[in-house]
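# Commentary on secondary and tertiary structure
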Amino acid sequence: MTANVTIYSTTVCPYCIRAKQLLERKGIEYKEINLSNEAPDVRIELMQRTNHRTVPQIFIKDQFIGGFDQLYALEREGKLDELLA
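Residues numbered from 1 in each chain as written. Predicted model: local features only at pLDDT ≥ 70, side-chain atom pairs only at ≥ 80, totals over all residues. Heavy atoms only, no water.

Keep this limit in mind: UniProt positions are given in the numbering used here, feature names are shortened, and annotations may be inferred rather than shown by experiment.
The protein chain appears in an unreviewed UniProt entry as Glutaredoxin from Acinetobacter soli. What UniProt records for the protein chain under Function (unreviewed entry) is the sentence "Has a glutathione-disulfide oxidoreductase activity in the presence of NADPH and glutathione reductase. Reduces low molecular weight disulfides and proteins." Under the UniProt heading Sequence similarities (unreviewed entry), the note attached to the protein chain is "Belongs to the glutaredoxin family."

### Quick word on the nonpolar core
This is how it is decided: Joining through side-chain atoms within 4.5 Å is the link that ties buried Ala, Val, Leu, Ile, Met, Phe, Trp, Tyr and Cys residues into a set, and such a set is a nonpolar core. Burial classification: accessible surface area is computed with a 1.4 Å probe over protein chains only, and a residue below 20% of its type maximum counts as buried, one above 50% as exposed, and the rest as partly exposed. The contact criterion used throughout is that any non-hydrogen atoms of two residues lie within 4.5 Å.
In this structure, Val-5, Ile-58, Leu-71 and Leu-80 are the most contacted members of the largest nonpolar core, which totals 14 residues. Dropping the residues within four chain positions of it, Val-5 is found in contact with Leu-23, Ile-28, Glu-29, Tyr-30, Lys-31, Ile-58, Phe-59, Ile-60 and Leu-84. Counting 8 residues, the second-largest nonpolar core is a separate cluster that includes Ile-33, Leu-35, Leu-46 and Phe-59.

### Here we look at the environment of Ile-44
As a reminder of what qualifies: To qualify as a helix, a DSSP run of H or I must reach at least 4 residues; to qualify as a strand, a run of E must reach at least 2; elements of each kind are numbered from the N terminus.
Relative to the helices and strands, Ile-44 resides in helix α2 (residues 40-50). Looking at Ile-44, the relative accessible area reads 43%, which means it is partly exposed. Separated by 31 residues in the primary sequence, Ile-44 and Glu-75 place their C-alpha atoms 29 Å from one another.

The structure is reproduced here in structure tokens:
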């Protein structure tokens, strides 16, 4: 399944790993932006855009859905496939 999914992550974030694993199990392709490898202004711009400081920060079709907990909740409620379609 192809969807416009972007995950902002860091190298050592266990919730980032879990979010990517969930998407991979579902066969969803995603773009990962590892903030550990980006200039500090990328993180600052992201924080200003979402008002969140933690990772992962997940966008589906340019809509901010939150982090791993929100992604998993969508999956558990059966709403994730709907968003990805």
